[in-house]
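Given next are the chains, with one letter for each unit.
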Amino acid sequence: MPLSSSLRCRTPLGWALASVVLCGLGCRGEEISNDCENQGQEFFRRTQQETQELLSPVPDRGPYPVALQLTEDGVNRLLGGAVADQEVPFAGTLQLGFATTEFEPESEPVIEFAEVPGCSNCILFSLQFGIDLSSGNQPLSSGTGFVQMAIPMRLESDEAAGVSTLVADYGEATIEDLFLVVYGVNSKEHDTLTGALKILLTERIQEDYGPVDLLEIGSWTIGQDQVRLIARELIVRPDDGKLVLGMQTNLPLGPDTGIDLAGELPNNTPMAVTMDTRLFLNMSHRMFDEGQIARRYDDDGNPDPGGLYGVTLNELAGNDAGLEQLDSIFRVWRIADGYCGFAEASMPLEVSVNNTLTGIDITPGDATIIGGEGSGAAALEERELVEDNQDLISTFRSSLADAVGTTINYDSLDLEGSTILFEIQDVEVGELTINSYLDFLVVQNPDEDG
């Protein structure tokens, strides 16, 4: 009868039983000792390869492994309230010859994307305004107008806190377009007057206004809160109808890691979070380092720093066949106390939308043995070791799914005085990228003083 059929070594404890029977069949203690020594050394060598020393500082340029993308509609919904809550940068007083001119907004700004010469990080604010002319205390005329301003945007980062702030630099704003009707004058008929007013109004705005914080972009909250995700670059892509925040991490990533930022978002999708699938392996390795995923286990599959069994994670990547899942390959090792080796297994992590709980669920599927060595070679024939007895593997895969889920469910955006409620519309898994398409609602917080 084949050894695998007679032993029925379905659990890690079965490996120990296998070692006893094999010794009874004539194996020598020295060979067993050497086998465990070699396997143990190989296990520890692989764990060292998986160790993730965090980068300092966080890289400040692309290519970016993560990007937050917003359409014009998304930016207006997200930032419109923040802009309106601030003093909109178009109000003041000008002296025009004999008349004093007062102007102030009469509508909330509409945010638009366009190519602004000399300012690649500018977005446009368009609004209606009112204008009053007076001489001394004597009103002369009232009118209306329309203005379009180019507002430079920038990011300010606090790596220690894991926070970036989107800042509108009103002090560098310029007027791109202006129209007004007042005192019987239509600016469309007076190009020289309009040009002069644009200069004067730009100077007044730059004198009266300064930088304003609009949005706080936070990091992941995972593990021991040492892994950082920092928004490093604001990219306005008018041709694609979107604004992109390129985000970097202190996880060490390969030189080929980085997402393609080109292309429009799907219709009726105001926001997307795009991640390079290759960062999930590095994040998982880091969670081993921080103890969020156990590296070693006892006979019953419980985490144990001195346990006979260990786990290494070889691969974790997007599925290349179009399935909504990440594919993992890992090894379960026996590294001491008898007949040693490893079993290599594959396991899918299914990705699905669940707005009721997490937003995106990561559900581990069954582990399937695909190879092995030493004691693990018996597991290759005895597939029920994984299929029916998954105490160790169950603990590991649950921790792995939690780490991947926390990584992919990034939504750390904060507006002062408001709460942002997110809803996942869809998730799209590719071999190299995962796109989470979101809708959201901005709700003003209750006034504590009211």
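Please read these numbers as outputs of a predicted model, since none were measured by experiment.

Caption draft 1: A look at empty space enclosed by the protein. In the structure shown here, the tally under the stated rule is 3 cavities of 30 Å³ or more. When its volume is computed, the second largest cavity comes out at roughly 50 Å³. Contributing to the lining of the second largest cavity are F90, L94, T101, F103, F129, I131, L180, L197 and L201. Those elements giving two or more residues to the lining of the second largest cavity turn out to be strand 3 (99-105), strand 5 (122-135) and helix 5 (191-208). Partitioning the lining of the second largest cavity into residue classes produces 8 nonpolar, 1 polar and no charged.

Caption draft 2: Highlighting a nonpolar patch on the surface. On the surface, a cluster of nonpolar side chains totalling about 330 Å² of accessible area is made up of F98, L140 and Y183. Its location among the elements puts L140 in strand 6 (residues 138-158). In this structure L140 comes out as partly exposed when scored by relative accessible area, which is 31%.

Caption draft 3: Up close: the packing of aromatic side chains. Scanning the entire structure with this criterion turns up 9 aromatic pairs. Pairing F90 with F103 gives two aromatic rings, centres 4.9 Å apart and planes at 55°, and the pair type is tilted. Of the two residues, F90 is situated in the loop between helix 4 (72-85) and strand 2 (92-96) and F103 in strand 3; the sequence distance between them amounts to 13 residues. On the accessibility criterion, F90 (0% relative accessible area) is buried. Seen from their ring centres, F288 and F396 are 6.2 Å apart, and the 15° between their planes marks the pair as stacked. Placement of the pair is F288 in helix 6 (residues 279-289) and F396 in helix 9 (residues 391-408), with a sequence separation of 108 residues. Since its relative accessible area comes to 0%, F396 is described here as buried.

Caption draft 4: Focus on the layout of surface pockets. The calculated volume of the largest pocket comes to roughly 230 Å³. What lines the largest pocket is a set of 13 residues, among which L96, L133, V182, Y183 and L193 lie closest to the centre. Every element with two or more residues in the lining of the largest pocket is listed here: strand 3, strand 5, strand 8 (174-182) and helix 5. Its residues assigned to classes, the lining of the largest pocket comprises 11 nonpolar, 2 polar and no charged.

Caption draft 5: Local environment of the packing of helix 6 against helix 9. At a minimum axis separation of 10 Å, helix 6 and helix 9 run at an interaxial angle of 125°. Considering their axes alone, helix 6 and helix 9 lie oblique with respect to each other. For the pair helix 6 and helix 9, the crossing hand works out as right-handed. Contact residues: helix 6 offers L279, F280, M283, S284, M287 and F288, while helix 9 offers F396, L400, A403, V404, T407 and I408. Its residues assigned to classes, the contact of helix 6 with helix 9 shows 10 nonpolar, 2 polar and no charged.

Caption draft 6: View of the state of the cysteines. Considering all chains together, one arrives at 2 disulfides under this definition. One disulfide bridge connects C36 with C340, the sulfur atoms lying 1.9 Å from each other. Negative torsions about the S-S bond denote left-handed disulfides, and the value of about 85° found for C36 with C340 makes this one right-handed. Placement of C36 in helix 3 (residues 29-50) and of C340 in the loop between strand 16 (325-334) and strand 17 (341-354) is noted, with a sequence separation of 304 residues between them. Pair check on accessibility: C36 and C340 agree, each one buried.

Caption draft 7: Spatial organisation of the confidence of the model for the protein. Here the protein shows a mean pLDDT of 86. Residues at 70 or above account for 88%. Across residues 1-34, confidence stays below pLDDT 50; counting only partners more than four residues off in sequence or on other chains, it has 48 contacts. The model gives residues 384-389 a pLDDT under 50, and that stretch makes 15 contacts with residues more than four places away or in other chains.

About the criteria used
- Residues numbered from 1 in each chain as written.
- Predicted model: local features only at pLDDT ≥ 70, side-chain atom pairs only at ≥ 80, totals over all residues.
- Heavy atoms only, no water.
- 1 Å grid on protein atoms, 1.4 Å probe; cavity = no way out; pocket = protein on both sides within 12 Å on 5 of 7 lines; lining within 4 Å.
- Points joined across faces, edges and corners; volume = space filled by probe spheres on them.
- Helix = DSSP H or I, 4+ residues; strand = E, 2+ residues; numbered from the N terminus.
- Nonpolar A, V, L, I, M, F, W, Y, C, P; charged D, E, K, R; others polar.
- Patch = residues over 30% accessible without salt bridge, like charges linked within 9 Å, V, L, I, M, F, W, Y side chains within 5 Å.
- Areas by Shrake-Rupley, 256 points an atom, 1.4 Å probe, with all protein chains shown as cover.
- Salt bridge = Lys/Arg side-chain N within 4 Å of Asp/Glu carboxyl O.
- Buried < 20%, exposed > 50% of the residue type's maximum accessible area, 1.4 Å probe, protein only.
- Phe/Tyr/Trp six-rings, centres within 6.5 Å; stacked < 30°, edge-to-face > 60°.
- Axes fitted to C-alpha atoms, helices over the stretch in contact; angles between N-to-C directions.
- Parallel < 35°, antiparallel > 145°, perpendicular 65-115°, else oblique.
- Left-handed = near helix turned anticlockwise from the far one by under 90°.
- Contact = heavy atoms within 4.5 Å.
- Disulfide = S-S within 2.5 Å.
- pLDDT = per-residue confidence, 0-100.

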